[in-house]
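Below, each chain spelled out in residue letters.
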Number of protein chains: 2
Amino acid sequence: MTRAFTIWLTGRPRAGKTTLGGLLCRALTDLGLAAEYLDGDELRRALSPGLGFSAQERRSHALRAAYLAGMLNRHGVICVVGLISPQAEARREARRQLGEFVEVYLDCPLEQAINRDQTGLYQKALAGQIKNLTGLDDPYEPPQDPELHLHTHRQGPRECLEAIFGFLDQAGLLPALGARADSGQAAEVYSPAEERQIKQRLRALGYL
Amino acid sequence: MTRAFTIWLTGRPRAGKTTLGGLLCRALTDLGLAAEYLDGDELRRALSPGLGFSAQERRSHALRAAYLAGMLNRHGVICVVGLISPQAEARREARRQLGEFVEVYLDCPLEQAINRDQTGLYQKALAGQIKNLTGLDDPYEPPQDPELHLHTHRQGPRECLEAIFGFLDQAGLLPALGARADSGQAAEVYSPAEERQIKQRLRALGYL
């Protein structure tokens, strides 16, 4: 069984969670790994259609994602979670439940998020048509000590991806990737040369 | 990747879903397979604490379990779902979404279910203290054409387990089990002799 873990992308709406989360999950899959992307909006549709946006409901949403990620992790599936998850306490609880937890803060200042928004989400909120948008009506508590702090208004998806794989490498999580990438081999140890190969494969696949 | 599937245990409260589901999941795991038991009551606690028991909510509950099972199946994890799931239409929709679907009807007549109940559930419902109990206030639509129809007031858990493994064998689902049981071997074909070994291993493990 591979040593699975959860990469938890937190940040304001339009900070780039869905874009980076999808790309990261595809990169892991292309490396031959079992990976799943759990998107906050899709989880609301599939599992919690009646759930609102109060503090308690946001906490509940985050812990449902953690429950799902934990179940997948137990079966060796790496999870990428993309969720606003604005509450520091809820993220801490997710970390406590999951154990192997990589918190990645996608930091995008509010004005930049508004500028990037092509969907009219912020405009609707500014016009009072929708409520409880994180960063406007609702607080976002930035992570104080995330494993990674990325600035998505300055760093593009590829640069973010490279930073995440760099972290996984340093944290010793790439060996687990290597074991699975060899599909069926039970190799537990992964040499530095082989770790470089992972980066090379990501470049060859066009991710880096 | 193994050919994963979902075994869907449906039946009235106290028909034996949780007992058989847990036993079946442990037997699959002891065979070296990736398996998960999704229990209706636990899913309500973990994912749908606010969900009630109206027809629409029961349907939603069943489809949330199917969503979770589908995600696990995609990663080669066999799912055992234990859920009253009283609506034939919701079970059909779960089958449609999942594809590889083994519906097992745990048939226990109401009076037997009441007799078996050590928890006071039926007594409370008969006294009017709880409402919407399937089989009393709420309808249970028995499967018309399940893969297996077991009579849990007459057949004990071991007999039920043997019937389920017999079905999986006949349906050609045991070869997939065999491939995973050899941990890492990519054997796609499983001979009749090897299929008999699965039964022998289950007996040796004390399940049959």
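Residues numbered from 1 in each chain as written. Chains lettered and ligands numbered in written order. Predicted model: local features only at pLDDT ≥ 70, side-chain atom pairs only at ≥ 80, totals over all residues.

Q: Even after reading the chapter, I still don't get the overall build of chain A, so can you show me in this structure?
A: When you go through chain A residue by residue, the secondary structure sums to nine helices and five strands. Reading chain A from its N end, one meets helices and strands in the order β-α-β-α-α-β-α-β-α-α-β-α-α-α. Sorting the 208 residues of chain A into buried and exposed places 41% on the buried side. At a minimum sequence separation of 6, the contacts of chain A that also span at least 24 residues come to 74%. (Helix = DSSP H or I, 4+ residues; strand = E, 2+ residues; numbered from the N terminus. Buried ≥ 20, exposed ≤ 12 C-beta atoms within 10 Å, placed from the backbone. Contact = placed C-beta atoms within 7 Å.)

Q: Sorry if this is basic, but what is going on with the relation of the copies chain A and chain B here?
A: Two chain copies, one operation linking them: a rotation about an axis together with a shift along it. At an RMSD of 0.0 Å, chain A and chain B line up after a rotation of 180° and a shift of 0.0 Å along the axis. Within this description, the copies of the chain are treated as partners about a two-fold rotation axis. In this assembly the copies share their binding face: 100% of the residues contributing to the interface of chain A also contribute to that of chain B. (Least-squares fit on C-alpha atoms with pLDDT ≥ 70 in both.)

Q: Explain the environment of L23 of chain B to me, please; I cannot follow it from the model alone.
A: All names here are of chain B. Summarising the element assignment, L23 is placed in helix α1 (residues 17-30). Overall, L23 belongs to the partly exposed group, with 19 C-beta atoms counted inside 10 Å. The sequence separation of L23 and R59 amounts to 36 residues, and the corresponding C-alpha distance is 26 Å. Apart from the residues within four sequence positions on either side, L23 is in contact with P157 and L161.

Q: What is the right way to look at the interface of chain A and chain B in this model?
A: Interfaces are often sized by the amount of accessible area the parts lose when they come together. If you look at the interface, chain A gives 13 residues, while chain B gives 13 residues. Elements represented by at least two residues in the side of chain A that touches chain B include exactly α2 (40-47) and α3 (55-74) of chain A. Ranked by residues supplied to the side of chain A that touches chain B, first place goes to α3 of chain A with four residues. Its residues assigned to classes, the side of chain A that touches chain B shows eight nonpolar, three polar and two charged. (Nonpolar A, V, L, I, M, F, W, Y, C, P; charged D, E, K, R; others polar.)

Q: What's the story with helix α4 (residues 88-98) of chain B in this structure? I'm lost.
A: Working note: α-helix, 3.6 residues per turn, so residues spaced by three or four point in the same direction. Residues and elements named next belong to chain B. Taken residue by residue, α4 has A90, R91, A94 and L98 as its buried positions. Along the axis of α4, the buried positions cluster into a sector of 100°, meaning they face one direction only. Looking at α4, the residues exposed on the side facing more than 90 degrees away from the buried face are E89 and R96. In the stretch just after α4, G99 is the one whose phi turns positive, near 80°. (Arc of directions from axis to C-beta.)

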